[in-house]
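In case you want the letters, here they are:
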Amino acid sequence: MDGVSLNTDPVGDEEADYFEIEGDSVLADYVDQTGMFQGENPLPPAVGMEFESYEDVYYFYSCYAKEQGFGVRVSNTWYRKSKERYRGKLSCSSAGFKKKSEANRPRPETRTGCPAMIKFRLMDTRRWRIIEVELDHNHLINPTSGKFYKSHKNLGVGTKRLLQLDSAEEVQKVRLFRTVVVDADHNGFLDVDEGEFGNSVDDSNQLKFNEGDAVAVEDFLCQAQLTDSNFFYVVDLNEKGSLMNLFWVSSRSKAAYNYFGDVVYIDTSCLANKYEVPLVSIIGINHHGQSVLFGCGLLAMEAAESYIWLFRAWLTSILGRPPQVIIADQCVALQIALADVFPRAYHCISLSDIMRKVPQKLGSLIEYEEIETAICKAVYHSSKPEQFEAVWEGMIQQHMLGDHKWLQAIYEDRRRWVPVFVKDVFLAGVLSIQSSDTVSCFFQEYLGVHTSLREFLAKYDRALQSRYQLEALADADSKSSSFMLRSRCYFELQISKLYTNEILKKFEREVEGMYSCFSTRKLNAEGSLVTYIVKEHVEMEGSRRDARDFEVLYNESEMEVQCNCGLFNSKGYLCRHTLSVLNQNGIEEIPPQYILPRWRKDVKRSYVLDYSYSGIDINSQIHRYDNLYRSIVQVIEEGRKSKERYDIAIQGINDILSKLRLGTNPSS
């Protein structure tokens, strides 16, 4: 597939004279001779995707159809009076119905009137854009059925690394094709004037490059594609063809999303704080409570349209599977975009972002210290929504803040950021009253306010490798038996065999907290459902301790337990109050429904095998191939830098080939 550009401008039908052609097209026999159309395409079609030519659209949809298991028909093609094609419709081969035949033995009907199709049209930019999509079929499709379709017969079956390139010209063609609209002379989307590096134009709707930044972006994307067979990126161009927005995601990040994509944090701190690199990071939390990267973007403007483009690009890369919960800052443009692209997700506002703004928004008030204390009390020490409401209302009235617009705004959004309102939403520890549970900038150690884009991209791989190593070390530590248990409680022993060390440490605090629960009494019972009141000494301001009641529901027949503190719902492990009730009822093991797979240390995660640098599964032919391929690409990249390096690389490759052909051990 050609490069994809997800744009947000409205698509409408222009008034034009045209005529229409219906039926199958000779495109089914189309074969590109340059090698540029080799490969499979896992992406589903989406409104807004753009392509260089009509044939590219057909090829893209045919690749998708082949993977899904259906054929493609050209249902309609619209032409202007000048005989220029300007609109088309591709359908499933089962679309419509055949005309009735008067033959004695007519062929059986094979079409089902299937609605699956795409419509696309030629834009003013001379690119073809998909304007309407229907993915659902009214019949069964099976990619492994082996059924032959005419539209598939000339599609390549290999990936880009299987291309046979016989000349430098062919290499250049493939490189240009893969890198969307980047070319080796820097005349593509980077919009670089010779010697000026893009600084001659200071438009607000394009990324601003310093010297060396443009070349660094091109090199970064090309290198990423060469070393990562499933690397994905999308560019967004302005009306002048200059780079406005950029999104990219690695294959490891896409694989990690499959395991930890339930909760996502959108980090826009670089944009909000006016960093030289306008970076937006999409971050999750792994099974060790560590930050894991799901994608990166560079945005020219902090506008709703830019965020919408970015989120649509990311959603395309993850095959249209949105997260369950999204946490982001209070920025209005950001919240508008999230609501537009992810309407079904639960949207939370970052608690730390709200509390960081308290001094900024209220610091000039005479009674600021008293107001801040009241806000902290309402936010951090309310165990029920009505408690928060009472404390908040008292603060507003006492300090006559009823007309304060910022306080009004965050109060209206209270159900999206105040802990007592979101305690029943699983947040993986991202949005919590403990500052240690909040997500820090993924690139914090590698990116400062004045770091240039060129410097950041040079450090990017180092930052990722550092994170990968931390995860690998945490995996190794959790799988070893060196962790010392603090108590003899069987609950702790059970969890130590299942969960990672980091989650075990947090669970230990709940086990220890059982000793703060000095009273567990039965309140009432309705059949097998029993209500308990658990009293706990809770630390308040200073050294003061307060006794607080927590309500726990226990269903003995179903082995279900639920506490109104909401810890399990929010973080995924049982609280001290539920443990006290289970313990009082003689339950020695935590019921299996309260053991979440996302925190387990024994789940084999594919991206660790496929993409880690600590080793590969040498028994897997695929893993051996991928590792050898990455290694030889690195040799090529180093060897091309100079004649001396080229000679070393060629000599080394010839030596290796000689040893392999002789069947000798290379290490001998």
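Keep in mind that what you see is a predicted model, and the values were worked out from it rather than measured. Positions within a chain are numbered from 1, following the residues in the order the chain's sequence is written. Since the coordinates come from a predicted model, pLDDT governs what is reported: local features require at least 70, and pairs of side-chain atoms require 80 or more to be given and counted, while whole-chain, interface and lining totals use all residues. The side-chain figures draw on all heavy atoms in the structure; neither hydrogens nor water molecules are used.

## Considering the pattern of salt bridges
Just to be clear on terms, a salt bridge is a Lys or Arg side-chain nitrogen sitting within 4 Å of an Asp or Glu carboxyl oxygen. Following the criterion strictly, the structure yields 21 salt bridges and no others. Among the ionic pairs, Glu 55 bridges to Arg 85, the shortest N-O distance being 3.0 Å. With a gap of 30 residues between them, Glu 55 in helix α1 (residues 54-68) and Arg 85 in strand β4 (residues 85-92) connect regions that are remote in the sequence. On the accessibility criterion, Arg 85 (24% relative accessible area) is partly exposed. One salt-bridge network, held together by shared partners, links Glu 50, Glu 52, Arg 127 and Arg 129. Helix and strand labels come from DSSP, where a helix needs a run of H or I of at least four residues and a strand needs a run of E of at least two; each type is numbered from the N terminus. Each residue is assigned to one of three classes by its accessible area relative to the maximum for its type, calculated with a 1.4 Å probe on protein chains only: buried under 20%, partly exposed between the two thresholds, exposed over 50%.

## Examining the UniProt feature "domain: SWIM-type" (unreviewed entry) in the protein chain
UniProt positions are given in the numbering used here, feature names are shortened, and annotations may be inferred rather than shown by experiment. Per the UniProt entry, the sites bearing "domain: SWIM-type" (unreviewed entry) are residues 550-586 in this numbering. The span residues 550-586 shows a helical share of 38% and a strand share of 27%, and its end C-alpha atoms are spaced 20 Å apart.

## Overview of the sheet that holds strand β16 (residues 545-555)
Sheet architecture is open: 4 strands sit in the order β14-β15-β16-β17, paired in antiparallel fashion. Taken across any chain shown, the strands that pair with only one partner, and hence form the sheet edges, are β14 (517-526) and β17 (560-563). Adjacent strand axes in the sheet meet at a mean angle of 25° when their direction is disregarded. Two strands are said to pair when DSSP picks up at least two bridges between them. As defined by bridge partners, β16 adjoins β17 across 4 bridges and the pair is classed as antiparallel. Residue pairing for β17: Asn 555 is matched across the bridge by Glu 560. For helices, the fitted line uses only the C-alpha atoms of the stretch in contact; every axis is such a line through C-alpha atoms, and the angle between N-to-C directions lies from 0 to 180 degrees.

## A look at the packing of aromatic side chains
Centre distance within 6.5 Å is the pairing criterion for rings of Phe, Tyr and Trp, where only the six-membered ring of Trp is used; planes under 30 degrees apart are then read as stacked, over 60 as edge-to-face, and the remainder as tilted. The tally for this structure, following the rule as stated, stands at 27 aromatic pairs. On the numbers, 5.3 Å between centres and 85° between planes, the contact of Tyr 54 with Trp 128 is edge-to-face. Of this pair, Tyr 54 sits in helix α1 while Trp 128 sits in strand β6 (residues 128-134), and the two are 74 residues apart along the sequence. Comparing Tyr 54 with Trp 128, the two get one shared label, buried. Measuring from ring centre to ring centre gives 6.0 Å for Trp 392 and Tyr 411, while their planes differ by 20°; the resulting arrangement is stacked. Placement of Trp 392 in helix α10 (residues 385-398) and of Tyr 411 in helix α11 (residues 405-412) is noted, with a sequence separation of 19 residues between them. Take Trp 392: its relative accessible area is 3%, and that puts it in the buried class.

## Details of the nonpolar core
Nine residue types can take part in a nonpolar core, namely buried Ala, Val, Leu, Ile, Met, Phe, Trp, Tyr and Cys, and a core is a set of them joined through side-chain atoms within 4.5 Å. Counting residues in hydrophobic clusters, the biggest one holds 61 residues, and the most contacted among them are Ile 266, Tyr 307 and Phe 311. Per element, the largest residue contribution to this core is 9 residues, and it comes from helix α6 (residues 304-317). Counting residues in each nonpolar core, the second largest holds 45 residues, with Ala 428, Val 581, Ile 587 and Tyr 594 among its members.

## Quick word on the environment of Glu 536
Checked against the element boundaries, Glu 536 lands in strand β15 (residues 529-539). Glu 536 gets classed as buried once you look at its relative accessible area, which sits at 6%. Along the primary structure Glu 536 and Arg 548 are separated by 12 residues, whereas in three dimensions their C-alpha atoms are 5.4 Å apart. Each residue touching Glu 536, except ones within four places of it in the same chain, is listed here: Ser 516, Cys 517, Phe 518, Asp 546, Ala 547, Arg 548, Phe 550, Arg 576 and His 577. There is a polar contact of 2.9 Å between the side chain of Glu 536 and the side chain of Arg 576. Contact criterion: two residues are considered in contact whenever any of their non-hydrogen atoms come within 4.5 Å of each other. Distance and chemistry together define a polar contact, namely a pair of N or O atoms within 3.5 Å, with one atom able to donate a hydrogen and the other to accept it when in protein, and with adjacent residues in sequence counting only for side-chain atoms on both sides.

## Side note on unusual backbone geometry
Positive phi is not limited to glycine here, since Lys 83 has a value of about 70°. By secondary structure assignment, the location of Lys 83 is in the loop between β3 (72-80) and β4. The exposure class assigned to Lys 83 is exposed, which follows from its relative accessible area of 65%.

## So, the confidence of the model for the protein chain
The predictor attaches a confidence to each residue, and that confidence, scored 0 to 100, is pLDDT. For the protein chain, per-residue confidence averages 79 on the pLDDT scale, and residues scoring 70 or more make up 76% of the total. Between residues 156-202, whose pLDDT stays under 50, and residues either more than four places distant or in other chains, the model counts 96 contacts. Overall, residues 433-438 carries pLDDT values under 50, and its contacts beyond four positions in sequence, including any with other chains, amount to 13 contacts.

## Quick word on the side chain of Ser 281
Of note, Ser 281 is situated in strand β10 (residues 279-285). For Ser 281, a relative accessible area of 1% translates into the label buried. When neighbours within four sequence positions are excluded, Ser 281 is seen to be in contact with Tyr 265, Ile 266, Asp 267, Leu 293, Gly 295, Cys 296 and Phe 443.

## Brief notes about the sheet that holds strand β11 (residues 291-299)
Across the sheet, which stays open at both edges, the 7 strands sit in the order β7-β8-β11-β10-β9-β12-β13 with mixed pairing between neighbours. Each having just a single partner strand, β7 (232-237) and β13 (346-349) make up the two edges of the open sheet. Here the average twist between neighbouring strands, direction ignored, is 20°. Across 7 bridges, the pairing between β10 and β11 is antiparallel. Counterpart to Ser 281 in the pairing with β11 is Cys 296. Across the sheet, helix α4 (residues 251-260) lies against β7, β8 (243-249), β9 (263-267), β10 and β11, angled at about 125° from β11, the strand it touches most.

## Considering the pairing of β4
In terms of burial, β4 is a largely internal element, 6 of the 8 residues being buried. Of the pairings in the sheet, the one linking β3 to β4 comprises 7 bridges and is antiparallel in character. Residue pairing for β4: Tyr 79 is matched across the bridge by Arg 85. The hairpin formed by β3 and β4 contains 4 residues between the paired strands, and Lys 83 there has a positive phi angle of roughly 70°. As paired strands, β4 and strand β5 (residues 117-122) are joined by 5 bridges and run antiparallel to one another. Along β5, the bridge assignment pairs Lys 89 with Lys 119.

## Remarks on the packing of helix α8 (residues 351-362) against α11
Two quantities define a packed helix pair, namely the angle between the axes and the distance from one axis to the other. Axis separation between α8 and α11 bottoms out at 11 Å; the angle between their running directions is 160°. Compared by their axis directions, α8 and α11 come out roughly antiparallel. Regarding α8 and α11, the two cross each other, and that crossing is left-handed. For the pair α8 and α11, contact is made by Ile 354, Lys 357, Val 358, Lys 361 and Leu 362 and by Trp 406, Leu 407 and Ile 410, respectively. Each residue belonging to the contact of α8 with α11 can be placed in one class, and the counts come to 6 nonpolar, no polar and 2 charged. For classification purposes, an angle smaller than 35 degrees is called roughly parallel, one larger than 145 roughly antiparallel, one from 65 to 115 roughly perpendicular, and anything else oblique. Crossing handedness is defined as follows: a turn of the near helix away from the far one that is anticlockwise and smaller than a right angle gives a left-handed crossing, while the clockwise case is right-handed. Ten residues, namely Ala, Val, Leu, Ile, Met, Phe, Trp, Tyr, Cys and Pro, are considered nonpolar, four, namely Asp, Glu, Lys and Arg, are considered charged, and the remaining ones, Gly among them, are considered polar.

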